Amino acid sequence: MFRRLHTSSSTLAITLDGVALKVAPGDSVAAALMASGNPACRQTPVTGSDRAPFCMMGACFDCLMEIDGVPNRQACLVEVREGMQVRRQARPTPVTDRLAS
């Protein structure tokens, strides 16, 4: 779906949901996800639908991820670093489900 216009000879290693991933230096976390072929960042709270980066400039909040242990980071605004730990955010339990228990 996405093709780089220029290829880099160097790569960085990050971990995405516990799996090692080689990414291009200078990419945002969202761009690295899109280039990997599996761009889902999180799930929506209501339906659990996968969400992927949309605006790539920090306006829409569709790319929220946990980055180095900090949840709700906008992946389009964070540049990849060697050894970065990235996790997709799963659908939170709706409040009504928690109250029913």
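Conventions used here
Residues numbered from 1 in each chain as written. Predicted model: local features only at pLDDT ≥ 70, side-chain atom pairs only at ≥ 80, totals over all residues. Heavy atoms only, no water. Helix = DSSP H or I, 4+ residues; strand = E, 2+ residues; numbered from the N terminus. Buried < 20%, exposed > 50% of the residue type's maximum accessible area, 1.4 Å probe, protein only. Contact = heavy atoms within 4.5 Å. Areas by Shrake-Rupley, 256 points an atom, 1.4 Å probe, with all protein chains shown as cover. Pairing = 2+ DSSP bridges. Axes fitted to C-alpha atoms, helices over the stretch in contact; angles between N-to-C directions.

**A closer look at the overall build of the protein**
Then, in step 1: Counting its secondary structure elements, the protein contains two helices and seven strands.
Then, in step 2: Across the protein, helices and strands are ordered from the amino to the carboxyl terminus as β-β-α-β-β-β-β-β-α.
Then, in step 3: Out of the 101 residues belonging to the protein, those deemed buried represent 34%.
Then, in step 4: Taking all contacts inside the protein whose residues are at least 6 apart in sequence as the whole, residues at least 24 apart take part in 44%.
Then, in step 5: Put simply, the protein shows about 6500 Å² of open surface, and 54% of that area lies on carbon and sulfur atoms.

**Quick look at the pairing of strand β6 (residues 70-74)**
Then, in step 1: Bridge count for strand β5 (residues 64-67) against β6 is three bridges, and the pairing is antiparallel. Within β6, the position partnered with I67 by the bridge is V70.
Then, in step 2: Between β5 and the antiparallel strand that follows it, β6, lie two residues; D68 among them carries a positive phi value of about 50°.

**Overview of the sheet that holds strand β2 (residues 19-23)**
Then, in step 1: Sheet architecture is open: five strands sit in the order β2-β1-β7-β5-β6, paired in mixed fashion. This sheet does not close on itself; its edge strands, each paired only once, are β2 and β6. With direction set aside, neighbouring strand axes in the sheet form an average angle of 40°.
Then, in step 2: Sitting on the sheet, helix α1 (residues 29-36) is in contact with β1 (12-16), β2, β5 and β7 (85-87), with an inclination near 105° to β5.

That is the geometry; function is a separate question.
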